Amino acid sequence: WGINQDYPSSQLHNLIYKPFIFLFGLKIWVFRLVPLLFGILNIVLVYFFSKRNFGKRVAFFSVIVMLISFYHTLASLQFDIEGNLIMTLFILLFYSLIEFYNSKKKYWMFFTGFFLGVLINNKYNAIFVVFIILAYVVFRNFKKERWIKKSICELFLIYFICK
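A word on the pattern of salt bridges
At step 1: Scanning the model with the defined rule gives one salt bridge in all.
At step 2: One salt bridge in this structure joins Arg-52 and Glu-99, with 2.4 Å as the shortest N-O distance. Here Arg-52 is found in helix 2 (residues 28-54), whereas its partner Glu-99 is found in helix 5 (residues 82-103), with 47 residues between them in sequence.
At step 3: On the basis of relative accessible area, Glu-99 is assigned to the buried category, the value being 4%.

Some points on the packing of aromatic side chains
At step 1: In the structure shown here, the tally under the stated rule is 15 aromatic pairs.
At step 2: Among the aromatic side chains, those forming a connected cluster through ring pairs are Phe-49, Tyr-95, Tyr-107, Trp-108, Phe-111, Phe-114 and Phe-115.
At step 3: Here the basic side chain of Arg-140 rests over the ring of Tyr-101, its NZ or CZ set 4.0 Å away from the ring centre.

What to know about the environment of Phe-20
At step 1: Among the secondary structure elements, Phe-20 is positioned in helix 1 (residues 11-24).
At step 2: For the pair Phe-20 and Tyr-107, spaced 87 residues apart in the sequence, the C-alpha separation amounts to 31 Å.
At step 3: Apart from residues no more than four positions distant in its own chain, Phe-20 is found in contact with Gly-25, Val-30, Leu-33, Val-34 and Leu-37.

Here's the deal with the environment of Tyr-17
At step 1: Within the secondary structure, Tyr-17 sits in helix 1.
At step 2: Distance in space between the C-alpha atoms of Tyr-17 and Phe-31 is 7.6 Å, their sequence separation being 14 residues.
At step 3: With residues up to four places along the chain from it excluded, the contact list for Tyr-17 reads Val-30, Phe-31, Val-34, Pro-35, Phe-79, Asp-80 and Ile-81.

Notes on a nonpolar patch on the surface
At step 1: On the surface, a cluster of nonpolar side chains totalling about 430 Å² of accessible area is made up of Leu-36, Leu-37, Ile-40, Val-44 and Phe-48.
At step 2: Locating Leu-36 in the fold gives a position in helix 2.
At step 3: Residue Leu-36 is classed as partly exposed on the basis of its relative accessible area of 42%.

Observations regarding the nonpolar core
At step 1: The biggest cluster of nonpolar side chains holds 24 residues, and the ones touching the most others in it are Ile-81, Leu-93, Leu-119, Val-129 and Ile-133.
At step 2: Mapped onto this core, the elements with two or more residues apiece are helix 1, helix 2, helix 5, helix 6 (106-122) and helix 7 (129-141).
At step 3: It is helix 5 that provides the largest number of residues to this core, a total of eight residues.
At step 4: In contact with Ile-81, not counting residues within four places along its chain, are His-13, Ile-16, Tyr-17, Val-34, Pro-35 and Phe-38.

Considering the packing of helix 2 against helix 3 (residues 56-68)
At step 1: For the pair helix 2 and helix 3, the least separation of the axes is 7 Å and the interaxial angle reads 155°. When the axis of helix 2 is compared with that of helix 3, the two are roughly antiparallel. Taken as a pair, helix 2 and helix 3 cross one another with a handedness that is right-handed. On helix 3, the residues that touch Asn-42, Ile-43, Val-46, Tyr-47, Ser-50, Lys-51 and Phe-54 of helix 2 are Lys-56, Val-58, Ala-59, Phe-60, Ser-62, Val-63, Met-66 and Leu-67.

Brief notes about the side chain of Thr-88
At step 1: Mapped onto the elements, Thr-88 comes out in helix 5.
At step 2: For Thr-88, a relative accessible area of 4% translates into the label buried.
At step 3: At 2.4 Å, the side chain of Thr-88 forms a polar contact with the side chain of Asn-42.

Let's talk about helix 2
At step 1: Between its first and last C-alpha, helix 2 extends 39 Å over 27 residues, near the 39 Å set by a 1.5 Å rise per residue.
At step 2: Listed as buried for helix 2 are Val-30, Phe-31, Val-34, Pro-35, Phe-38, Gly-39, Asn-42, Ile-43, Leu-45, Val-46, Phe-49 and Ser-50.
At step 3: Buried residues in helix 2 make contact with helix 1, helix 3, helix 4 (70-77) and helix 5.
At step 4: Phi for Gly-55, located one or two positions after helix 2, is positive at around 110°.

Scoring rules and cut-offs
- Residues numbered from 1 in each chain as written.
- Predicted model: local features only at pLDDT ≥ 70, side-chain atom pairs only at ≥ 80, totals over all residues.
- Heavy atoms only, no water.
- Salt bridge = Lys/Arg side-chain N within 4 Å of Asp/Glu carboxyl O.
- Helix = DSSP H or I, 4+ residues; strand = E, 2+ residues; numbered from the N terminus.
- Buried < 20%, exposed > 50% of the residue type's maximum accessible area, 1.4 Å probe, protein only.
- Phe/Tyr/Trp six-rings, centres within 6.5 Å; stacked < 30°, edge-to-face > 60°.
- Lys NZ or Arg CZ within 6 Å of the ring centre and 35° of its normal.
- Contact = heavy atoms within 4.5 Å.
- Patch = residues over 30% accessible without salt bridge, like charges linked within 9 Å, V, L, I, M, F, W, Y side chains within 5 Å.
- Areas by Shrake-Rupley, 256 points an atom, 1.4 Å probe, with all protein chains shown as cover.
- Core = buried A, V, L, I, M, F, W, Y, C linked by side-chain atoms within 4.5 Å.
- Axes fitted to C-alpha atoms, helices over the stretch in contact; angles between N-to-C directions.
- Parallel < 35°, antiparallel > 145°, perpendicular 65-115°, else oblique.
- Left-handed = near helix turned anticlockwise from the far one by under 90°.
- Polar contact = N/O pair within 3.5 Å; in protein donor to acceptor, adjacent residues only side chain to side chain.
- Expected span 1.5 Å × (residues − 1).

Just distances and angles here, no functional claims.
Structure, rendered in structure tokens:
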């Protein structure tokens, strides 16, 4: 079934490892390769996210900080994928949230909800990210007229009530 009975982890972790094990076999370097690939993906995502929202200089220094930071290096060297997968989902979550505000296209908020759901499914204490998103949306709308109603409409995509 591809499920490790001895280590409690999310199904997504096991599903990510399955194709690599199928292609390369049950070897230790395969289990080290997957976190390394996710670590590289995180660096690329942070670069593009920072470049799009803050400029090339900030993107460059963001990548430098990630390359020398302890957590990112540790998560890329560990045997399991949990640390890097959570970071990838977190980056994609906030990227889609910021894109929703930049473009006002509703599908970005659906991506935000999807990434939030997958993030909470993989790490239960990621439920606290909901409070961060709630605070971000409320503070973003705070000085606007009817900010509570506007915040609720943006969070739950109920624009038919808000118009």
